[in-house]
Amino acid sequence: MATYTLEHPDKGSITYTDKKRYLWLISMLMPAFPLMGVAIFYQTGIQWTLALPLAVNYLILPFVDYLVGSDQNNPPEELVPQLEADRYYRILTILTVPMHFVVLGVIAYVVGTNDLSPWMVLVMAIVAGGYSGLGINTAHELGHKQTALEQLMAKVALAVPAYGHFCVEHNRGHHVLVATPDDPASSKLGENIYAFTLREIPGTFVRGWNLEKTRLNKQGKATWSVHNNILQSYLISLVLQGTLVYLFGWIMLPFLAVHNFWAWYQLTSANYIEHYGLLRKKNENGRYERCQPHHSWNANYIMSNLALFHLQRHSDHHANPVRRYQSLRNFDDIPELPNGYYGMYLLAYIPWLWFKVMDKRVLALPHINGDLSKVNILPAKLKATYEQYGQGQKIPE
């Protein structure tokens, strides 16, 4: 393993070894996991084995997170420049991009060339969509970086789930307005994930398109042109998915429709759990305070972080968006989720259980301490929330 060293004028010799250096290969290989189910299916002929990746994601991984626990380790700040300059970590994210294309192609082949039941075609579309949703996570890591290659690879990765507007919307929209009532990608206390989905997916698409249109107009360029970053990615999507329809026939139309939606829904699920109920203060000048680590829910669970390029250290990511995954930090006294993302997705899909577990966690956060004026509350649930938790606090007009 590589060891980074520095002779500090005040602190003396500082060293750091990333013990997870080669474990980050899990993030690169995670998108290929459905190939395990495909291999077993071709060995046994048993269709339900194709659904095994869903069991791994939503049952086994949350359990492993519970057993293995969390990681409180941070690299020394003095050595972060060396850690981020190590090209190994960058290469892993770039090599992950073609994995998403290969897996979608293989699963499309399985669906298009085998006599699967309609239910199994649906399951395969969900499996493929879930792992193509990881492509949005890959693009998320790449799209925040400033190199031309990484920016390009982010657009390419987003072509697999046909979500080409993501990096534009996420970087210039979500990161600006995160944890505010104005952000369609930040969930409100009392808002269930299904209502959030209906608000978030169209809201982020419109915002992303408007942001790109504004950028191009300022440069004197046409919105519908080769200069449009969103259209560049969607063109790749059209070629990719059009090729699959051509090769494997009409069955690809419902398959890809479900695949695309479920991939988008994975991002929606992540957005829902990452900022639930959290609120940035609005200053007297009408601007929101700078995003701090306590404006995002964090999850330090080792296994799911190794599968997601450290996405779950979300608090540091929003406070420092260009920081690379290998150097994201843990902080004390920040919002902490009780399980990794996949476990929290399952919880969110049962709204009454989500509210029971998470609402009290929101109110117990040190920077909130029961003060509902510091919570991003769904307007339709404002009165009910104050009556249930307000303890005499005045309902805002």
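Criteria and cut-off values
Residues numbered from 1 in each chain as written. Predicted model: local features only at pLDDT ≥ 70, side-chain atom pairs only at ≥ 80, totals over all residues. Heavy atoms only, no water. UniProt positions renumbered as here; feature names shortened; annotations may be inferred. Helix = DSSP H or I, 4+ residues; strand = E, 2+ residues; numbered from the N terminus. Rg over C-alpha atoms; globule rule 2.2 N^0.38 Å. Buried < 20%, exposed > 50% of the residue type's maximum accessible area, 1.4 Å probe, protein only. Contact = heavy atoms within 4.5 Å. Areas by Shrake-Rupley, 256 points an atom, 1.4 Å probe, with all protein chains shown as cover. Lys, Arg positive; Asp, Glu negative; His and termini not counted. Charge placed at Lys NZ, Arg CZ, Asp CG, Glu CD. Core = buried A, V, L, I, M, F, W, Y, C linked by side-chain atoms within 4.5 Å. Patch = residues over 30% accessible without salt bridge, like charges linked within 9 Å, V, L, I, M, F, W, Y side chains within 5 Å. Salt bridge = Lys/Arg side-chain N within 4 Å of Asp/Glu carboxyl O. Pairing = 2+ DSSP bridges. Expected span 1.5 Å × (residues − 1). Polar contact = N/O pair within 3.5 Å; in protein donor to acceptor, adjacent residues only side chain to side chain. Axes fitted to C-alpha atoms, helices over the stretch in contact; angles between N-to-C directions. Parallel < 35°, antiparallel > 145°, perpendicular 65-115°, else oblique. Left-handed = near helix turned anticlockwise from the far one by under 90°. Nonpolar A, V, L, I, M, F, W, Y, C, P; charged D, E, K, R; others polar. Phe/Tyr/Trp six-rings, centres within 6.5 Å; stacked < 30°, edge-to-face > 60°. Bend = angle between axes of the 7 residues up to and from the residue.

Where an unreviewed UniProt entry is consulted, the chain appears under the name Alkane 1-monooxygenase, with the organism given as SAR92 clade bacterium H455. Checking UniProt for the chain, the heading Sequence similarities (unreviewed entry) contains the comment "Belongs to the fatty acid desaturase type 1 family. AlkB subfamily." Taken directly from UniProt, the Subcellular location (unreviewed entry) text for the chain runs: "Cell inner membrane".

Asker: Looking at this model, I keep getting lost on the overall build of the chain. Mind explaining?
Answerer: Summing up its helical and strand segments, the chain has 16 helices and two strands in all. In terms of overall dimensions, the chain is globule-like: its C-alpha atoms have a radius of gyration of 22 Å, near the 21 Å expected for 397 residues. For the C-alpha atoms alone, the extent of the chain along its principal axes is close to 60 × 55 × 55 Å. Residue burial in the chain is summarised as follows: out of 397 residues, 54% are buried. Relative to all contacts within the chain whose residues are 6 or more apart in sequence, the contacts with residues 24 or more apart total 69%. Of the roughly 17800 Å² that the chain leaves accessible, carbon and sulfur atoms contribute 64%. When the 32 positive and 29 negative side-chain charges of the chain are each reduced to one mean point, those points stand 5 Å apart.

Asker: What's the story with the nonpolar core in this structure? I'm lost.
Answerer: Looking at soluble globular proteins, one finds that nonpolar side chains tend to be buried together. Counting residues in hydrophobic clusters, the biggest one holds 68 residues, and the most contacted among them are Phe 255 and Trp 354. Counting residues in hydrophobic clusters, the runner-up holds 15 residues, among them Ala 157, Leu 158, Phe 166 and Cys 167.

Asker: When you look at a nonpolar patch on the surface in this model, what are you seeing that I'm missing?
Answerer: Nonpolar side chains collect at one region of the surface, where Met 1, Tyr 22, Leu 25 and Leu 29 lie side by side and expose about 400 Å² of accessible area between them. With respect to the helices and strands, Tyr 22 occurs in the loop between strand 2 (12-17) and helix 1 (25-29). Since its relative accessible area comes to 44%, Tyr 22 is described here as partly exposed.

Asker: Would you mind going over the UniProt feature "domain: Fatty acid desaturase" (unreviewed entry) in the chain with me for this structure?
Answerer: The residues that UniProt annotates with the feature "domain: Fatty acid desaturase" (unreviewed entry) are residues 118-332. Secondary structure across residues 118-332 divides into 61% helix and 0% strand, with the first and last C-alpha atoms of the span separated by 49 Å.

Asker: Would you mind going over the pairing of strand 2 with me for this structure?
Answerer: Here is the key point about a regular strand: its side chains alternate between the two faces of the sheet. Note that strand 1 (residues 3-8) and strand 2 share six bridges and pair antiparallel. In the strand pairing of strand 2, His 8 is matched with Gly 12. Joining the antiparallel neighbours strand 1 and strand 2 is a turn of three residues.

Asker: Even after reading the chapter, I still don't get helix 5 (residues 87-113), so can you show me in this structure?
Answerer: Along its 27 residues, helix 5 runs 40 Å from first to last C-alpha, staying within 8% of the 39 Å computed at 1.5 Å per residue. Sitting at the amino-terminal end of helix 5 is Asp 86, which places a side-chain oxygen 3.0 Å from the backbone nitrogen of Tyr 88.

Asker: How should I be thinking about unusual backbone geometry in this particular structure?
Answerer: When glycine is set aside, most residues are seen to have a negative phi, and most peptide bonds are trans. Positive phi outside glycine occurs at Phe 309, with the angle close to 50 degrees. Along the polypeptide, Phe 309 turns up in the loop between helix 12 (302-307) and helix 13 (314-319). By relative accessible area, which is 3% here, Phe 309 ends up buried. Even without a glycine there, the phi angle at His 310 is positive, about 65 degrees. By the secondary structure assignment, His 310 is in the loop between helix 12 and helix 13.

Asker: Help me out: how do you make sense of the packing of helix 6 (residues 118-143) against helix 7 (residues 148-159) in this one?
Answerer: Look at helix 6 against helix 7: their axes get within 8 Å of each other, and the N-to-C directions meet at 165 degrees. On the basis of their axis angle, the class for helix 6 and helix 7 is roughly antiparallel. Note on packing geometry: the crossing formed by helix 6 with helix 7 is left-handed. Together, Gly 135, Ile 136, Ala 139, Leu 142 and Gly 143 of helix 6 and Glu 150, Gln 151, Met 153, Ala 154, Ala 157 and Leu 158 of helix 7 make up the contact between the two elements. Split by residue class, the contact of helix 6 with helix 7 holds seven nonpolar, three polar and one charged.

Asker: Even after reading the chapter, I still don't get the packing of aromatic side chains, so can you show me in this structure?
Answerer: Counting across every chain of the model gives 19 aromatic pairs. On the numbers, 5.3 Å between centres and 75 degrees between planes, the contact of Tyr 88 with Tyr 89 is edge-to-face. Since its relative accessible area comes to 18%, Tyr 88 is described here as buried. Taking the relative accessible area as the measure of exposure, Tyr 89 reaches 0% and is therefore buried.

Asker: Mind showing me how you'd approach the environment of His 175 here?
Answerer: Residue position: His 175 is located in helix 8 (residues 166-177). For the pair His 175 and Gln 292, spaced 117 residues apart in sequence, the C-alpha to C-alpha distance is 11 Å. Not counting residues up to four positions away in its chain, the partners in contact with His 175 are His 144, His 170, Arg 280, His 317, His 318 and Pro 321. Among the polar contacts listed, one links the side chain of His 175 to the side chain of His 317, at a separation of 3.1 Å.

Asker: For this particular structure, what's the right way to read helix 3 (residues 52-68)?
Answerer: If you look at helix 3, its biggest bend is around 35 degrees, right at Ile 60, and the proline Pro 62 turns up within four residues after that. Structurally, helix 3 contributes buried residues whose contacts are with helix 2 (34-44), helix 6, helix 11 (252-274), helix 12 and helix 14 (341-348). One or two positions beyond helix 3, positive phi appears at Gly 69, with a value near 90 degrees.

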